[in-house]
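Now for the letters of each chain:
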Amino acid sequence: MSKRDYYDILGVSRDASDDDLKKAYRKLAKELHPDRNKDDPTVESRFKEVNEAYDVLKDRQKRSAYDQFGHAAFSEGGGGGAGGFRPSGGGADFSSAFSDIFDDLFGGEFGGRRGGAGARTRGSDLRYNLTINLEDAFHGKAEQITAPGAVSCEACTGTGSAGGAAPSVCPTCSGMGKVRAQQGFFTIERSCPTCGGRGQIIKNPCSSCNGAGLVQKDRSLNVQIPKGVEDGTRIRLAGEGEPGVRGGTPGDLYIFVSIKPHPLFKRDGADLFCEVPVPFIEAAVGGSVEVPTIDGGKTRVAIPAGTQSGKQLRLRGKGMPTLRGGRTGDLYLEILVETPINLTSKQKDLLRAFSKDAGSKQNPNVAEFEKKAQSFWTEAKTS
Ligand SMILES: [Zn+2]
Ligand SMILES: [Zn+2]
């Protein structure tokens, strides 16, 4: 069987430009699309022919070999120095060659796989800032949050076109989503300005969604905030972010938890700290104090006689649960001995009378300090 001339197959002249070749090829590829020629058994071989011809002529090196030697340039053992070039298109599987080419050339025009720039896009991740109090972190909390979302527009069934009409192929890029511009010697390919790279345009945009195909609709989500959650904990809700575009997967929703400062408790990991002021008489003679616990209860704690400011008392297991469970922190009571203020003159007289009686046995730190200071002054004089 004698092979037809590549230029004849594509219906172009021998001095056709790259652009002419491409146009001719695309026109033929459309005509020979299997969807349009369901009952024509010759279409497969004709497409292979076209594909092979284009494959050779679009390539400068192969084209010049073909111009010099004809088909012999590509046959086994054929004459000509350019032997060894093999047209790849003709040998490829018909349908896979077709789908590759159509992805490349026409994007989603034929409703098959969608091409490059118009491809499905994953939805954005969303961040939700949630502020809770320490008690919520202790108990865990079921929280209902409202997240912005989008649903397919009912008026246009998500197409973005008024009345649900199918979008049309972008005339600027013929559905490729990309345009080429010549700049000096370079051909620059960029996203099509008319369709924004989607390859499709909407002639008559839907008025409900302004052509987006999606309408804003807030969603209610029930979130279980786990026990032991910490300030800055991030909770990921997979798939609850913004919906994807053109069938892409949705993004994720991240809940960033912050915990309000508590008026009584400070937290360090699983442990809690609570400053407990104790009147100085009680700190001196001993007593007890009732303290709150994070579970909402209270507990009475003994203050030993002679308790100093800064002393820590530990209540085991009265701290916070940990996120992974297994351990509960402790509650540390930090004692602050409070010096009385607003004394009456009678109270002052009583305290002065006490003070006359008190000495280094009652205030060992005062006595110790005075001793150190005296020796410091003595050293300073002699040196
Ligand atoms: Zn709409
Ligand atoms: Zn376009």
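Along each chain, residues carry numbers from 1 onward, in the same order as the chain's sequence is written. Key to labels: chains lettered from A, ligands numbered from 1, both in the order written. Two thresholds apply to this predicted model, a pLDDT of at least 70 for residue-level local features and 80 or more for giving and counting side-chain atom pairs, whereas whole-chain, interface and lining totals are computed over all residues. No hydrogens and no water enter the side-chain calculation; it runs on all heavy atoms of the structure.

(A) Representation of the coordination of the zinc ion (ligand 1) in the model. Here the term donor refers to an N, O or S atom within 2.8 Å of the metal (or 3.2 Å for Na, K and Ca), and because water is left out of the atoms, sites may appear incomplete. Around the zinc ion (ligand 1), the protein contributes the donor atoms C153 (SG), C156 (SG), C206 (SG) and C209 (SG), at 2.3 Å from the metal centre. If you look at the zinc ion (ligand 1), its 4 donor atoms make angles of 101 to 113° with each other, and the shape they trace is tetrahedral. Here the donor residues of the zinc ion (ligand 1) are spaced in sequence according to C-x2-C-x49-C-x2-C. Taken together, the residues span a long stretch of sequence, with C156 in the loop between strand 3 (150-152) and strand 4 (168-169) and C209 in the loop between strand 7 (200-201) and strand 8 (214-216) at a distance of 53 residues. Under the scheme applied here, a residue whose accessible area is under 20% of the maximum for its type counts as buried, over 50% as exposed, and between as partly exposed, the area being computed with a 1.4 Å probe on protein chains only. For C156, a relative accessible area of 0% gives the class buried. Under the classification used here, a metal with four donors is tetrahedral if each angle lies between 85 and 135 degrees, square planar if opposite donors are over 155 degrees apart and the others between 65 and 115, a six-donor metal meeting that same test is octahedral, and anything else is irregular. Note on conventions: DSSP H or I runs of at least 4 residues are helices, E runs of at least 2 residues are strands, and numbering of each starts at the N terminus.

(B) Geometry of the coordination of the zinc ion (ligand 2). The zinc ion (ligand 2) binds to the protein through C170 (SG), C173 (SG), C192 (SG) and C195 (SG), with metal-donor distances spanning 2.2 to 2.3 Å. Between the 4 donor atoms coordinating the zinc ion (ligand 2), the angles at the centre fall across 101 to 116°, so the site counts as tetrahedral. Counting gaps between the donor residues of the zinc ion (ligand 2) yields the pattern C-x2-C-x18-C-x2-C. The exposure classification of C170 matches that of C173, with both residues buried.

(C) Main features of the pattern of salt bridges. Each reported salt bridge corresponds to a side-chain nitrogen of Lys or Arg within 4 Å of a carboxyl oxygen of Asp or Glu. Evaluated as defined, the whole model comprises 16 salt bridges. Of the charged contacts, one joins D55 and K58 as a salt bridge, the two residues approaching to 3.7 Å between their closest N and O atoms. One continuous salt-bridge network, built from bridges that share partners, spans R122, D125, R236 and D252.

(D) How the structure looks around the side chain of R63. Inspection of the secondary structure assignment puts R63 in helix 4 (residues 60-69). When charges are counted, Lys and Arg contribute as positive and Asp and Glu as negative, whereas His and the chain ends are disregarded. D18 provides the closest opposite charge to the buried, salt-bridge-free R63, at an N-O distance of 4.0 Å. Filtering out sequence-adjacent residues up to four positions away, R63 remains in contact with Y7, R14, D15, A16, D18, L21, V56 and L57. Contact criterion: two residues are considered in contact whenever any of their non-hydrogen atoms come within 4.5 Å of each other.

(E) Inspection of the pairing of strand 6 (residues 186-191) at higher detail. Where strand 5 (residues 178-183) meets strand 6, 6 bridges bridge the pair, whose relative direction is antiparallel. For V179, the partnering residue across the bridge sits in strand 6 and is R190. Linking strand 5 back to strand 6 in an antiparallel pair, the connection comprises 2 residues, with G184 at a positive phi of about 60°. By the convention used here, strands pair only if DSSP detects at least 2 bridges between them.

(F) Highlighting the sheet that holds strand 10 (residues 234-237). The 3 strands lie next to each other as 1-11-10, forming an open sheet whose pairing is mixed. Of all the strands in the sheet, just strand 1 (126-132) and strand 10 have a single pairing partner and so form its edges. The mean angle between the axes of side-by-side strands here comes to 25°, regardless of whether they run parallel or antiparallel. Summarising the sheet, strand 10 and strand 11 (residues 253-259) pair through 4 bridges and their orientation is antiparallel. Residue pairing for strand 11: R236 is matched across the bridge by Y254. Note on method: axes are straight lines fitted to C-alpha atoms, helices fitted across the in-contact stretch only, with angles between N-to-C directions ranging 0 to 180 degrees.

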